[in-house]
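Each chain, letter by letter, is given below.
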Amino acid sequence: MKMNRKLAVLALAMGMTFSFAACGDKKDGDTGSSGDASVSTEAKPEAAQGTTSSYGSFSEIFIPAGLKLVEGSQIDKEDQDSFSLQDEGGDYKKYYMFSVMDEEAAKSGVESTKQINKDSNPQDVSFTVGDVTWTGVTYKYGGDLDVTQAYGKIGDKCVNAMFSGFAYDSDTTKAVLGGLKRK
């Protein structure tokens, strides 16, 4: 019961943060979504400049230039199954957030994101990066800011990804998702 509450609270907090973090004016970023609902691509970490690190249950994390690794979740800074990549310059609208969670909780989070942002014309997406298929929703917040929430299975665990300021089919996103490995 405690685990279900923790997942529900985490999903709700991440969904609310995801919605509110996308607020504001857009700055130049990595956008340009093609609008396709299904995209198959290969991970190309070499397409983006950056470094590789590790944290908690993640043995490899690709960190694009201009972003920094922030350990833990917004709720629990010690959470070994969560981390975010945030803009080094402080642009709170450009980030990637990852957490390991139950697949049902991830699906529920995607559905909540659709409902909360229904006025932004959310689109279902399914795309493959490397050997992981990501399923979720994407939309343009305020008409021009790319926002996506998706989940995929890495190894035997479901990983939830939420990101803003980067299109789900951008080279940067392909590099980040393709460079993600679990222990």
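Check the entry above for the structure.
Analysis parameters
Residues numbered from 1 in each chain as written. Predicted model: local features only at pLDDT ≥ 70, side-chain atom pairs only at ≥ 80, totals over all residues. Heavy atoms only, no water. Helix = DSSP H or I, 4+ residues; strand = E, 2+ residues; numbered from the N terminus. Areas by Shrake-Rupley, 256 points an atom, 1.4 Å probe, with all protein chains shown as cover. Buried < 20%, exposed > 50% of the residue type's maximum accessible area, 1.4 Å probe, protein only. Polar contact = N/O pair within 3.5 Å; in protein donor to acceptor, adjacent residues only side chain to side chain. Contact = heavy atoms within 4.5 Å. Core = buried A, V, L, I, M, F, W, Y, C linked by side-chain atoms within 4.5 Å. Pairing = 2+ DSSP bridges.

Engineer: An account of the overall build of the protein chain is requested, with residue identities and associated values reported.
Structural biologist: In terms of regular secondary structure, the protein chain is built from three helices and eleven strands. Written out in order from the N terminus, the α and β elements of the protein chain read α-β-β-β-β-β-β-α-β-β-β-β-α-β. Counting only carbon and sulfur atoms, one obtains 46% of the accessible surface of the protein chain, whose full area is about 9100 Å².

Engineer: Describe the side chain of S84, with residues and values.
Structural biologist: Relative to the helices and strands, S84 is located in strand β5 (residues 82–87). S84 gets classed as buried once you look at its relative accessible area, which sits at 7%. A distance of 3.0 Å separates a polar atom in the side chain of S84 from a polar atom in the side chain of Q86. With sequence-adjacent residues up to four places away left out, S84 is seen in contact with K68, L69, V70, G72, Y96 and M97.

Engineer: Now, about the environment of Y168: what can you tell me, with residues and values included?
Structural biologist: Along the chain, Y168 falls in the loop between β10 (157–164) and α3 (171–178). According to the relative accessible area criterion, Y168 is buried, its value standing at 2%. Separated by 30 residues in the primary sequence, Y168 and T138 place their C-alpha atoms 7.5 Å from one another.

Engineer: Could you give me a rundown of the nonpolar core, with the residues and numbers involved?
Structural biologist: Ranked by internal contacts, the top residues of the largest apolar core, which has 28 residues, are F98, W134 and L180. Secondary structure elements with two or more residues in this core: β3 (58–64), β5, β6 (95–100), β7 (123–129), β8 (132–141), β9 (145–154), β10 and α3. For this core, the element with the most residues is β3, which contributes four residues. Every residue in contact with F98, bar those within four places of it in the chain, is listed here: D81, S82, F83, V159, N160, A161, V176, L177 and L180. Residues A105, V110, V137 and Y151 belong to the second largest nonpolar core, which totals seven residues.

Engineer: Give a detailed account of the sheet that holds β3, specifying residues and quantitative values.
Structural biologist: The strand order across the open sheet built from three strands is β2-β3-β11, with neighbouring strands paired in antiparallel fashion. Every other strand in the sheet has two partners, leaving β2 (50–55) and β11 (181–182) as the edge strands with one partner each. As paired elements, β2 and β3 share five bridges and run antiparallel to each other. Across the sheet, S53 pairs through a bridge with I61, a residue of β3.

Engineer: Talk me through α3; I want residue IDs and the actual numbers.
Structural biologist: With respect to burial, α3 is a largely interior element, seven of its eight residues being buried. Burial in α3 covers these residues: T172, T173, K174, A175, V176, L177 and G178.

That's the geometry; what it means functionally is another story.
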